[in-house]
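So the chains spell out like this:
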Amino acid sequence: MVLQEETNKELLEKEAHRLYGLLGSVSRSKGVKWTLQDCQQAAPYTLAINRLKKEKNAVILAHSYTVPELVYGVADFSGDSYALSRKAETVSADIIIFAGVWFMAETAKILNPSKQVIIPAGHAGCTLADAITEEDVRKLKAAHPGVPVLCYVNSTAGVKAESDVCVTSGNVFNIAANMPQKELIFVPDLLMAQNIEADLKRRGIAKKIISSGGSCCVHDKYTPQDIEALRRQYPGIKVMAHPECRPDVCAAADYVGSTKGMTDYVAASKDKLFGALTEFGLVNRLEAEYKDKTFIWPYGTCAYMKRNTLINTFQALSAPKPEQIVSLSPDVIARARKSLQNMFEMTK
Ligand code: 13P
Ligand code: SF4
């Protein structure tokens, strides 16, 4: 569907200024901030999307790693995987436009199956979710009978259906510590598994973690040398890292936590200068919301998340293509839902 250009110049200018008020402090790329001209280019799309949303009774949920013009221009709610999954559960609109990656849109469908869930990016993968299949999990369970399976939320619906408890980066350490068993299977993040082991050790809990899977192609790139370089160049900087980073990176950081955890850390801190070893989208959110603080981001963008744009969001809302619509079997939904509900229970 072609965008019907808004002809009301006054409305367009007002929208561009609204966007500029939100995005003016945000980096578009490293060292380059959003300009009023950038916002003037985005305005016809944000106006059209926000209008279509009402006509179609749709809501837009956007992960913080997607682009800021989606997060601040059109999203009804944005946040990390945990917050988005809780929000998806309670959506009453007919359509959920999920700007994120495929496993996140699947999670929204599992939690609110009567809604049409559409992902503008289509089948946007994730190196973690793509690292393991449900068949792999069945094999692990057969090799370790009776050992409960914890799956990181960055996993397919099929993997969630084979697991006992789903976890996110915000609750994984507490859930792993609180599980009564002495052995746990954890998939599909090998680095996070090592971080769980280190955390359990710090808490004095003896527990064996059997892990399998891969790593996040964004967070696995950071090294302790990146942190050293930040500390050398910016004395006093507080360095934050996501638990998908290597254990030696987590050990060298001042704070390790989820997307929400890092945001809360910044909000509570009196410090003004932060190093962010995480995806650029979160850096953009921090720049937008904590204008009195400075964020140094070495590198790291998720190409999968960035496949969601204003253009394909407009198209998906107007006339979704079959590959943008999430469809899951009722059996997978029912079984995967259990692992998510177990997580919600254990996060209370
Ligand atoms: P959060 O759970 O912190 O939203 O992280 C999701 C993700 O994909 C991290 O790379
Ligand atoms: Fe997956 Fe990493 Fe992208 Fe998150 S940042 S969606 S873990 S590839």
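Heads up: the structure comes first, above all this text.
Let us look at the structure shown here. Throughout, residues of each chain are indexed from 1 in the direction in which the sequence is written. Following the order in which they are written, the chains are lettered starting with A and the ligands numbered starting with 1. Per-residue local features of the predicted model are confined to residues with pLDDT of at least 70, and side-chain atom pairs are confined, for both listing and counting, to 80 or more; whole-chain, interface and lining totals are unaffected and use all residues. Hydrogens and waters are ignored; side-chain quantities use all the structure's heavy atoms.

## Some remarks on the site of ligand 2
Now for step 1: Throughout, the term near means that a residue has one or more heavy atoms lying within 4 Å of the molecule or strand in question. Surrounding ligand 2, one finds 13 residues, the nearest of these being Cys126, Asn154, Cys216, Glu244 and Cys302.
Now for step 2: In the shell around ligand 2, the residues fall into 10 nonpolar, 2 polar and 1 charged. All amino acids are sorted into three groups, where Ala, Val, Leu, Ile, Met, Phe, Trp, Tyr, Cys and Pro are nonpolar, Asp, Glu, Lys and Arg are charged, and the leftover types, Gly among them, are polar.

## A word on the pairing of strand β7 (residues 149-152)
Now for step 1: Whether a residue is buried, partly exposed or exposed follows from its accessible area with a 1.4 Å probe, protein chains only, as a fraction of its type maximum: under 20%, in between, or over 50%, in that order. Helix and strand definitions here come from DSSP, where helices need a minimum of 4 consecutive H or I residues and strands a minimum of 2 consecutive E residues; each element is numbered from the N-terminal end. A two-sided burial pattern is seen for β7, the buried positions comprising Val149 and Cys151 on one face and Leu150 and Tyr152 on the other.
Now for step 2: Strand pairing follows a simple DSSP-based rule, namely that at least 2 bridges must link the two strands. Direction of pairing for β7 relative to strand β9 (residues 183-187): parallel, over a ladder of 3 bridges. Note that in β9 the partner of Cys151 across the bridge is Val187.
Now for step 3: Looking down the strands as they point away from you, a crossover is right-handed if its path from the first strand over the helix to the second goes clockwise. Between the parallel elements β7 and strand β8 (residues 165-167), the chain passes through helix α7 (residues 157-162) in a crossover that is right-handed.

## A few points about the sheet that holds β7
Now for step 1: Taken in spatial order, the 4 strands make up an open sheet running β8-β7-β9-β10, and their pairing is parallel. Strands at the two margins of the open sheet, each flanked by one partner only, are β8 and β10 (208-211). Averaged over all neighbouring strand pairs, the angle between strand axes comes to 30 degrees, with direction disregarded.
Now for step 2: Across 4 bridges, β9 lies against β10 in parallel orientation. When the bridges of β10 are listed, Leu184 appears paired with Ile209. With axes taken as lines fitted to C-alpha atoms, and helix axes fitted only over the stretch in contact, angles between N-to-C directions fall between 0 and 180 degrees.

## Regarding helix α12 (residues 259-268)
Since the α-helix packs 3.6 residues into each turn, any two residues three or four apart lie on the same face.
Now for step 1: Every buried residue belonging to α12 is among Thr259, Gly261, Met262, Thr263, Tyr265 and Val266, and all of these are buried.
Now for step 2: Whether two residues are in contact is decided by their heavy atoms: any pair within 4.5 Å suffices. Looking at the packing, one finds that the buried side of α12 touches β11 (238-241), β12 (255-256), β13 (273-277), α13 (280-289) and β14 (294-296).

## Comments concerning the sheet that holds strand β4 (residues 77-79)
Now for step 1: If you trace the 4 strands from one edge of the open sheet to the other, you get β4-β3-β5-β6, paired in parallel fashion. Each having just a single partner strand, β4 and β6 (116-118) make up the two edges of the open sheet. Adjacent strand axes in the sheet meet at a mean angle of 20 degrees when their direction is disregarded.
Now for step 2: Strand direction decides the pairing type here: strand β3 (residues 58-63) and β4, joined by 3 bridges, are parallel. Note on β4: the bridge partner recorded for His63 is Gly79.

## Some thoughts on the side chain of Ser155
Now for step 1: With respect to the helices and strands, Ser155 occurs in the loop between β7 and α7.
Now for step 2: Under the relative-accessibility criterion, Ser155 is labelled buried at 0%.
Now for step 3: Sequence-distant contacts of Ser155, defined by excluding residues within four places in its chain, comprise Phe103, Ala129, Lys160 and Pro188.

## A short note on the site of ligand 1
Now for step 1: Around ligand 1, the neighbouring residues are His63, Tyr65, Asp80, Ser81, Asn154, Ser169, His219, His242, Glu244, Ser258 and Thr259.
Now for step 2: Interatomic distance of 2.7 Å between a side-chain N/O atom of His63 and an oxygen atom of ligand 1.
Now for step 3: In this structure, Ser81 approaches ligand 1 through a side-chain N or O atom, which is 2.7 Å from an oxygen atom.
Now for step 4: Computed with a 1.4 Å probe, the accessible areas rest on the Shrake-Rupley method; for each residue, only the protein chains presented here act as cover. Within the complex, the protein chains bury 96% of what would otherwise be the 300 Å² of accessible surface of ligand 1. N or O atoms within 3.5 Å of each other form a polar contact, as long as, within protein, one can give a hydrogen and the other can take it, and as long as residues adjacent in sequence are counted only when both atoms are side-chain atoms.

## Examining the environment of Asn112
Now for step 1: Within the fold, Asn112 resides in the loop between α5 (102-111) and β6.
Now for step 2: Sequence separation between Asn112 and Val91 is 21 residues; the distance between their C-alpha atoms is 7.6 Å.
Now for step 3: With residues near it in sequence (within four places) discarded, Asn112 still touches Ala88, Glu89, Thr90, Val91 and Arg337.
Now for step 4: Among the polar contacts made by the side chain of Asn112, one reaches the main-chain carbonyl oxygen of Ala88 at a distance of 2.8 Å.

## Comments concerning the packing of helix α4 (residues 81-89) against helix α15 (residues 330-347)
Now for step 1: Remark: α4 packs on α15, axes separated minimally by 12 Å, with the N-to-C direction vectors making an angle of 110 degrees. When the axes of α4 and α15 are compared, the pair comes out roughly perpendicular. The way α4 lies across α15 gives a crossing that is left-handed. In this structure, α4 uses Tyr82, Ser85, Arg86 and Glu89 to contact α15, whose residues at the interface are Met343, Phe344 and Thr347. Each angle receives one of four descriptions, namely roughly parallel if under 35 degrees, roughly antiparallel if over 145, roughly perpendicular if within 65 to 115, and oblique otherwise. Crossings are sorted by hand: turned counterclockwise from the far helix by less than a right angle, the near helix makes the crossing left-handed, and turned clockwise it makes it right-handed.

## Focus on the pairing of strand β5 (residues 95-99)
Now for step 1: The buried fraction of β5 is high, at 5 of 5 residues.
Now for step 2: Of the two faces of β5, both are covered, the one formed by Ile95, Ile97 and Ala99 as well as the one formed by Ile96 and Phe98.
Now for step 3: Of the pairings in the sheet, the one linking β5 to β6 comprises 3 bridges and is parallel in character. Looking at the pairing, Ile96 lines up with Val117 of β6.
Now for step 4: With α5 bridging β5 and its parallel neighbour β6, the resulting β-α-β unit is right-handed.

## Looking at α13
Now for step 1: Of all 10 residues that make up α13, 9 are buried, and the element is covered over most of its length.
Now for step 2: Taken as a whole, α13 has its buried residues at Phe280, Gly281, Leu282, Val283, Asn284, Arg285, Leu286, Glu287 and Ala288.
Now for step 3: Regarding α13, its N-cap is Glu279, as a side-chain oxygen of that residue lies 2.6 Å from the backbone nitrogen of Gly281 further along.

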